[in-house]
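Listed below, chain by chain, are the residues.
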Amino acid sequence: MRKQLYNQTITKLESLKQKNLCYTVYSKNNTNSHLTSAQLVDAIFNIYLSNSNIIINLTNLKGDTILKSSSGLVYYKGREKIKKYALINIIKTIIDQSSNLNIKTTALHFKGLKRYRSLIINLLKKRFSLILVTHYYTLPHNGCRPKKQRRL
């Protein structure tokens, strides 16, 4: 009975770990082994890299936007928006704006193209301690079969 309850609590905590970015601390002193959770991440960087723009959002754990920046907001136009120096300037503006906020640990969520990911990680490591890096691939795998075309 105890083993079954223990397994259930561990599965619940693992699901919380993935949803809320929390970790668990197990106290070994007590026989009841009370489980407590502590917050690991202060904020989340949502980085979207596309063929025409670079967008970076800094959000809290609930998903509310704290800061945002893109290559258009840093006054780049056209083909300059997706260059490496535009990305560096976007990250510099985010770091300058977040200096008065009390953010130490962050998570990274990448979406879109795979370009410049290592550069972004290295630039953000200098200012923040990165706990989690996730990649969301939104490429379709052919999807559903298209509708049959109507003959006239």
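Computed from a prediction, not measured in an experiment: that's the story for all the values here. (Residues numbered from 1 in each chain as written. Predicted model: local features only at pLDDT ≥ 70, side-chain atom pairs only at ≥ 80, totals over all residues. Heavy atoms only, no water.)

Trainee: Tell me about helix α2 (residues 84-97), residues and numbers included.
Mentor: If you check α2, its first and last C-alpha atoms are 20 Å apart, about what 14 residues at 1.5 Å a residue would give, namely 20 Å. Restricting attention to buried positions, one finds in α2 the residues A86, L87, I90, I91, I94 and I95. For α2, the secondary structure elements touched by its buried residues are β3 (43-49), β4 (54-59), β5 (65-70) and α3 (117-125). (Helix = DSSP H or I, 4+ residues; strand = E, 2+ residues; numbered from the N terminus. Expected span 1.5 Å × (residues − 1). Buried < 20%, exposed > 50% of the residue type's maximum accessible area, 1.4 Å probe, protein only. Contact = heavy atoms within 4.5 Å.)

Trainee: Let's hear about the sheet that holds β5: which residues, and what values?
Mentor: Reading across the sheet, the five strands line up as β5-β4-β3-β6-β7 and stay open at both edges, with mixed pairing between neighbours. The strands lining the two open edges of the sheet, one partner per strand, are β5 and β7 (129-136). Strand-to-strand twist of the sheet, defined as the mean angle between neighbouring strand axes without regard to direction, takes the value 15 degrees. Of the strand pairs in this sheet, β3 and strand β6 (residues 105-112) are connected by seven bridges, and their pairing is parallel. Each bridged residue has a counterpart across the sheet, and for I44 the counterpart in β6 is A107. Sheet contacts for α2: β3, β4 and β5; angle to β5, the most-contacted strand, approximately 155 degrees. Contacts between α3 and the sheet are confined to β3, β6 and β7, with β6 contributing the most and set at about 165 degrees to the helix. (Pairing = 2+ DSSP bridges. Axes fitted to C-alpha atoms, helices over the stretch in contact; angles between N-to-C directions.)

Trainee: Describe the confidence of the model for the protein, listing the residues and the values that go with them.
Mentor: Summary statistics for the protein give a mean pLDDT of 81 and a share of 74% for residues scoring 70 or more. The secondary-structure element of the protein with the lowest mean pLDDT is strand β1 (residues 22-26), recorded at 39, while β4 shows the highest, at 95. Confidence over residues 18-38 falls short of pLDDT 50; this stretch has 29 contacts with residues more than four positions distant or in other chains. (pLDDT = per-residue confidence, 0-100.)

Trainee: Mind laying out unusual backbone geometry, listing which residues take part and the relevant values?
Mentor: A positive phi angle, near 65 degrees, is found at Y75, a position not held by glycine. In this structure, Y75 sits in the loop between β5 and α2. The exposure class assigned to Y75 is exposed, which follows from its relative accessible area of 74%. You will see that Y116, though not glycine, has its phi angle at about 65 degrees, which is positive. The residue Y116 is located in the loop between β6 and α3 in this model.

Trainee: Can you tell me about the pairing of β6, naming the residues and giving the values?
Mentor: Counted residue by residue, β6 has six buried out of eight residues, so it is predominantly covered. Of the strand pairs in this sheet, β6 and β7 are connected by seven bridges, and their pairing is parallel. Residue pairing across strands places K111 opposite Y136, the latter belonging to β7. At this point the chain moves from β6, through α3, to the parallel β7, and the crossover so formed is right-handed. (Right-handed = clockwise from strand over helix to strand, strands pointing away.)

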